[in-house]
Amino acid sequence: MNQLQLFLPCAAGVEGFLADEVHRLTGLAGDDLLTGRGGVVLRASWRDAMLLNLHSRLAQRVLVQLSHTPYRSEHDLYEAAAAVAWEIWFATRQTFKVEVTAQHSPLKSLNFAALKIKDAVADRFRERGGARPDVDTLRPDVRIYAHLTSDAATLYIDTSGEPLFKRGWREDKGEAPLKETLAAAMIAASGWDAAVPLYDPCCGSGTIAIEAAQVACGIAPGQLRRFGFEQLLPFQSHVWQALLAEARARQHAPTAPVFGSDVAFRMVDFAQRNAARAGVAHAVQLRGGDALQRMPPTELPGVLLVNPPYGERIETAGVAGRSQGGRERAQVDDGGDFFSQLATHWKRHYPGWTAWVLTPDFKLPTRMRLKESRRVPMWNGPIECRLFRFDMVKGSARARDAEPGA
């Protein structure tokens, strides 16, 4: 178990940041850590697999690759799965599930492909011990993944269980919540090093602020939850307990202040309860208030990090949304002049701050009448977005306000 090939999938655009995170956590580099499309591949140990589940903020899962073979038909998939020594990973008393993803696969039915792989796994157990494990599609003990390209099939066993964005603390959430892994990717892309203040003025249920507060306190993102590897035969409880103890010993007082606010006081209540469950109630200050009216929460300039309201989230636009005739009009206009008002507010009151804004609107800089200094491609689920950086240069607000139409 000391020479495993792991694949850590992540959101598109996050691969480089994930590779940096894996290097920081494991020390792996060179041929042992490769960045690919949709994730990173590494040669690592079973202990590393557990370590990455516990500490990675950017990976969606930690998968162990067990097979990579050419295929042309469902029969080839059956043969590939039958050749894997599943019995060293789990026992017949445990349930399992097979999931298949594909890219340019010639097969007509992924469901039938999953069925053939399932049959191969069950038949291998039956041939070797006379019994076979049961399938559970809802709460399996073990998850098997197959990824098909046009000519190759790769089989994995999952060590994560529930996807890693489920940290275990977000029980209260509003509409269209931001996944924790995407919030962490925004923090990584911003380069925030937990040494200056961070503020999310449209915090919703608190995802960005809570992720940042955990970073500032050195809290491992996975220490509140269970993992799939705990159900696998190589699992050694004493090794896992040692990793947990090391993680808890590294926690410390926050190295930087973190703030969040939202126009909806109900969402602030959600964020406060989530922060308490995440262990950072002492490290993040959450308040109600309109993003267009809130003053800087600290005298020191810092980082504004925000996934602002758009589409179904526009109801949180506050004054701008209401000024356009209420929620219905605001939804139709996708925010109207909320963003230009927000930019004016920032220029006037946040000199010296750096603002990072995640949005699917590629023309947002024009709408805000700001020139971005950087744009980072990111995906919010199926939605292609950009993370724009705007520098609120000190002294620019007065000149800007004097411009015609400013």
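## What about unusual backbone geometry?
- With phi around 65°, histidine 104 is a residue other than glycine that occupies positive phi space.
- Among the secondary structure elements, histidine 104 is positioned in the loop between strand E5 (96–102) and helix H4 (110–129).
- Residue histidine 104 is classed as exposed on the basis of its relative accessible area, which comes to 69%.
- The backbone of arginine 369 sits at a positive phi, close to 55°, despite the residue not being glycine.
- Turning to its location among the elements, arginine 369 is positioned in the loop between helix H12 (364–368) and strand E13 (374–380).

## With respect to empty space enclosed by the protein
- Applying the stated criterion to the full structure yields one cavity of 30 Å³ or more.
- Surrounding the largest cavity, Asn53, Leu54, Ser56, Leu164, Arg167, Pro221, Gly222, Arg225 and Phe227 form its lining.
- Of the residues that constitute the lining of the largest cavity, the class distribution is four nonpolar, three polar and two charged.

## Side note on the pairing of strand E9 (residues 258–262)
- Counting buried residues along E9, five of its five residues qualify, which places the element largely inside the surrounding structure.
- Of the two faces of E9, the one carrying Val258, Gly260 and Asp262 and the one carrying Phe259 and Ser261 are both buried.
- Pairing of strand E8 (residues 198–200) with E9, which is carried by three bridges, proceeds in the parallel orientation. Within E9, the position partnered with leucine 198 by the bridge is valine 258.

So, how was this worked out
- Residues numbered from 1 in each chain as written.
- Predicted model: local features only at pLDDT ≥ 70, side-chain atom pairs only at ≥ 80, totals over all residues.
- Heavy atoms only, no water.
- Helix = DSSP H or I, 4+ residues; strand = E, 2+ residues; numbered from the N terminus.
- Buried < 20%, exposed > 50% of the residue type's maximum accessible area, 1.4 Å probe, protein only.
- 1 Å grid on protein atoms, 1.4 Å probe; cavity = no way out; pocket = protein on both sides within 12 Å on 5 of 7 lines; lining within 4 Å.
- Points joined across faces, edges and corners; volume = space filled by probe spheres on them.
- Nonpolar A, V, L, I, M, F, W, Y, C, P; charged D, E, K, R; others polar.
- Pairing = 2+ DSSP bridges.

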